[in-house]
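The chain contents come next:
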Amino acid sequence: MKEISLIKHTKGALGLRVFGLGPKLKPTNGLIKLQKLLDNNAFWAKNRTINDLKECLANSDVIISLWVGKEIVGFGRALTDGIYRGVLWDIVIDQNYQGKGFGTLIVKNLLASKKIKNTKKLYLMTTNKELFYSQFDFKEVTSQNLLIREI
């Protein structure tokens, strides 16, 4: 079996974002592989450009990627003020690796990260994975409305 590597990227994921680094800090075209992971496994993240992904990563506080060998099979990121509010974003597992605990691994590492672990309220949006996220104490909120502004 190929080696499984969980990478807790530094803020902004410089290695992944600029150099395409993967496990063991080796060049792997990581940014292109991330783009393909999102394109193939998340309808809401299709067609993100490399430049937009670079900016997205540069402005993220916590970034986790999961690799099997030289292939990225999971990803998640978070933004936070570190005290009051935070948001988990873009949690994606390759469909061929779902059901193996990889999503749990990514979410647990996001929640345990120094910037997120003491944040009082964390937000998360999901289309169809409410049951999965309930194991981490996320609950549906009916007392608030989701508002969105799209450009």
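This text goes with the structure placed above it.
Residues numbered from 1 in each chain as written. Predicted model: local features only at pLDDT ≥ 70, side-chain atom pairs only at ≥ 80, totals over all residues. Heavy atoms only, no water.

Focus on the sheet that holds strand 4 (residues 85-93)
- Taken together, the five strands give an open sheet; going across it, the order is 1-2-3-4-5, and neighbouring strands pair in mixed fashion. At either end of the open sheet lies a strand with only one pairing partner, and these are strand 1 (4-9) and strand 5 (121-124). Direction aside, neighbouring strands of the sheet carry axes that sit 20° apart on average.
- In terms of strand pairing, strand 3 (residues 71-80) meets strand 4 through six bridges, oriented antiparallel. The residue bridging Phe 75 from the neighbouring strand is Val 92, located in strand 4. (Pairing = 2+ DSSP bridges. Helix = DSSP H or I, 4+ residues; strand = E, 2+ residues; numbered from the N terminus. Axes fitted to C-alpha atoms, helices over the stretch in contact; angles between N-to-C directions.)

Side note on the layout of surface pockets
- Taken as a whole, the largest pocket spans an internal volume of roughly 1100 Å³.
- Forming the boundary of the largest pocket are 36 residues, of which Ala 42, Trp 44, Asp 90, Ile 91 and Val 92 lie nearest the centre.
- Only helix 3 (50-58), strand 3, strand 4, helix 4 (102-112) and helix 5 (130-134) provide two or more residues apiece to the lining of the largest pocket.
- When residues of the lining of the largest pocket are assigned to their parent elements, the largest contribution, six residues, is made by strand 4.
- Residue composition of the lining of the largest pocket, grouped by class: 17 nonpolar, 12 polar and seven charged.
- In this structure, the second largest pocket occupies an estimated 760 Å³ of space.
- Contributing to the lining of the second largest pocket are 19 residues, with Tyr 123, Leu 124, Lys 139, Glu 140 and Val 141 lying nearest its centre.
- Listing elements by their share of the lining of the second largest pocket, those giving two or more residues are strand 4, strand 5 and helix 5. (1 Å grid on protein atoms, 1.4 Å probe; cavity = no way out; pocket = protein on both sides within 12 Å on 5 of 7 lines; lining within 4 Å. Points joined across faces, edges and corners; volume = space filled by probe spheres on them. Nonpolar A, V, L, I, M, F, W, Y, C, P; charged D, E, K, R; others polar.)

Quick word on the nonpolar core
- By size, the foremost hydrophobic cluster in this structure holds 17 residues, and its most contacted members are Ala 78, Leu 88, Ile 91, Phe 102, Ile 106, Leu 110 and Tyr 133.
- When near neighbours in sequence (up to four residues on either side) are disregarded, Leu 110 contacts Val 62, Ile 64, Gly 76, Arg 77, Ala 78, Leu 88, Ile 91 and Ile 116. (Core = buried A, V, L, I, M, F, W, Y, C linked by side-chain atoms within 4.5 Å. Buried < 20%, exposed > 50% of the residue type's maximum accessible area, 1.4 Å probe, protein only. Contact = heavy atoms within 4.5 Å.)

Topic: the packing of aromatic side chains
- In total, this model carries four aromatic pairs according to the counting rule given.
- Where Phe 132 meets Tyr 133, the ring centres are 4.9 Å apart and the plane angle is 75°; that geometry is what we call edge-to-face.
- For the pair Tyr 133 and Phe 138, a centre-to-centre distance of 6.2 Å together with 80° between the ring planes defines the contact as edge-to-face.
- Taken together, the ring pairs connect Phe 132, Tyr 133, Phe 136 and Phe 138 into an aromatic cluster. (Phe/Tyr/Trp six-rings, centres within 6.5 Å; stacked < 30°, edge-to-face > 60°.)

Some remarks on the pattern of salt bridges
- Applying the stated criterion across every chain, the model contains five salt bridges.
- Lys 33 is the partner of Glu 71 in a salt bridge, and the nearest nitrogen-oxygen pair spans 3.4 Å. Of this pair, Glu 71 sits in strand 3 while Lys 33 sits in helix 2 (residues 30-41); the two residues are 38 residues apart in sequence, bridging distant segments of the chain.
- Between Arg 48 and Asp 90 there is a salt bridge, with the nearest N and O atoms lying 2.9 Å from each other. With Arg 48 in the loop between helix 2 and helix 3 and Asp 90 in strand 4, this pair connects stretches of sequence that are 42 residues apart.
- A single salt-bridge network, built from bridges that share partners, covers Arg 48, Arg 77 and Asp 90. (Salt bridge = Lys/Arg side-chain N within 4 Å of Asp/Glu carboxyl O.)

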